[in-house]
Amino acid sequence: MTLLLTLDDGSIQRKLAEAVDLARAAVLEDAGAEQVGAHVGVDREDAVSASHLFEATVSGYRGWRWSVTVALAGEEEPITVSEVVLIPGPEARVAPAWVPWDRRVQAGDLGVGDIFPVEKDDPRLVPAYLESDDPAVEEVAMEAGLGRVHVLSRHGRLDAAARWHSGEFGPRSDMARSAPDVCGSCGFFVPLAGSLSAAFGACTNDISPADGHVVDVEYGCGAHSEIEVEVTSSVPVAELVYDDSLIDFEPAPETPAEAEPEPAEATVVDESEAPVAETPETAEVEPEAAVPETADEAQVEAESASEH
């Protein structure tokens, strides 16, 4: 075999590529003529072996191929068949690549009663007796006497911070971009302890969609504690408004207008037809009141005097 790998001038691969009939005979013996199609190519495996490919006409395996691997043990040795297998072609529908179950679990998949153990060497956790470089964790560890087996490592904090910052309650969410202010200035914001306190906290406003969740200091919503809304009418109105339905109207007395002087004939009285002696004392009129106000009143007064 070493001699073949050293002295091969391409003749071995040519012999392997020309062994189409041998490969077809092997696949026909294994599968039958009705399931074997045309020869579609040769793939080189190594210096002394190659695989011939044939179309597969097997029900349910559209796009698959028969692969027949042939090998040459020596220059004077005959070509032999190593294996016959059915493999997917470029257009075949195959199952996705295998992913271990612990990597397939995503956020939100854990249900009631489910158990998801962490890996033995999870980089997010460190033993509690080691320094975690988080002042809050160190303080608790000393007070509690290292009550916890593991604490969050720097890698774990950075991983959580990146996930929270880019998540639903981070500054890039639609809610945060439309908010009037950020959580860092809100009275309902409770900062976390330790090194995460500079960037994250918990929301305590039951009206907010982030109530009970860890939020970024640059997140925000419409329930900010310092929002002041000016409640005014959307229709502009005057400062002084009268309600006509609550006003009682009473007609004002008519003011007598100054009468214009009438022509002399309208006010002249014939004294011969109305003797002064026969005029009752009560009929005497003061000079000011005797002046008729209108032409019609003067005419009526003149007719009345003539009758007496």
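Starting afresh in each chain, residues are numbered from 1 along the sequence in its written order. A pLDDT threshold of at least 70 governs which residues receive local features in this predicted model, and a stricter bar of 80 or more applies before side-chain atom pairs are shown or counted, although totals over entire chains, interfaces and linings include all residues. Processing note: side-chain calculations cover all non-hydrogen atoms of the structure and skip hydrogens and water entirely.

**A closer look at empty space enclosed by the protein**
Cavities and pockets are found on a 1 Å grid laid over the protein atoms alone: a cavity is a set of points where a 1.4 Å probe fits but cannot escape, a pocket is an open set with protein on both sides within 12 Å along at least five of seven lines, and a lining residue has an atom within 4 Å of such a point. Grid points are joined across faces, edges and corners, and a volume is the space filled by probe spheres set on the points. Considering all chains together, one arrives at one cavity of 30 Å³ or more under this definition. Computed from the structure, the largest cavity encloses a volume of approximately 90 Å³. Residue lining of the largest cavity: 13 residues in total, with Cys 183, Cys 186, Phe 188, Cys 203 and Cys 221 positioned closest to the centre. Taken together, the residues of the lining of the largest cavity break down into nine nonpolar, four polar and no charged. Classification used: nonpolar for Ala, Val, Leu, Ile, Met, Phe, Trp, Tyr, Cys and Pro, charged for Asp, Glu, Lys and Arg, polar for all others including Gly.

**Comments concerning the side chain of Ser 208**
A helix here means a DSSP run of H or I that spans at least four residues, while a strand means a run of E at least two residues long, and both kinds are numbered starting from the N terminus. By the element assignment, Ser 208 lies in the loop between β8 (200–203) and β9 (214–216). Relative accessibility thresholds used throughout: buried, under 20% of the residue-type maximum; exposed, over 50%; partly exposed, between the two (1.4 Å probe, protein chains only). On the basis of relative accessibility, which here comes to 6%, the residue Ser 208 falls in the buried class. Nitrogen and oxygen atoms within 3.5 Å of one another constitute a polar contact, given that in protein one can donate a hydrogen and the other can accept it, and given that sequence-neighbouring residues count only through two side-chain atoms. Within the structure, the side chain of Ser 208 is placed 3.1 Å from the backbone nitrogen of Ala 210, a separation counted as a polar contact. Every residue in contact with Ser 208, bar those within four places of it in the chain, is listed here: Cys 203, Cys 221 and Ala 223. Contacts are residue-level and defined by heavy atoms, with any inter-residue pair within 4.5 Å sufficient.

**As for the sheet that holds β9**
Across the sheet, three strands lie side by side as β7-β8-β9; this open sheet has antiparallel pairing. Each edge of the open sheet carries a strand with a single partner, namely β7 (189–191) and β9. Neighbour to neighbour, the strand axes of the sheet diverge by 45 degrees on average, direction disregarded. Relative to β8, β7 runs antiparallel, the two being bridged by three bridges. Across the sheet, residue Pro 191 finds its bridge partner in β8, namely Gly 201. By the convention used here, strands pair only if DSSP detects at least 2 bridges between them. Whenever a helix is involved, its axis is fitted only over the stretch in contact; in every case the axis is a line through C-alpha atoms, and angles between N-to-C directions fall within 0 to 180 degrees.

**Quick word on the nonpolar core**
In plain words, nonpolar cores are sets of buried Ala, Val, Leu, Ile, Met, Phe, Trp, Tyr and Cys residues tied together by side-chain atoms within 4.5 Å. If you look at the biggest cluster of nonpolar residues, it comprises 17 residues, and the most contacted ones within it are Leu 16, Val 27, Val 36, Phe 54, Ala 56, Trp 66 and Val 68. Among the secondary structure elements, those contributing two or more residues to this core are α2 (11–17), α3 (20–31), β2 (49–56) and β3 (64–72). Considering every element that reaches this core, the biggest residue donor is β3, with five residues. What Phe 54 contacts, discounting residues up to four positions off in sequence, is Val 20, Ala 23, Arg 24, Val 27, Val 36, Gly 37, Ala 38, His 39, Val 40, Arg 65, Trp 66 and Val 68.

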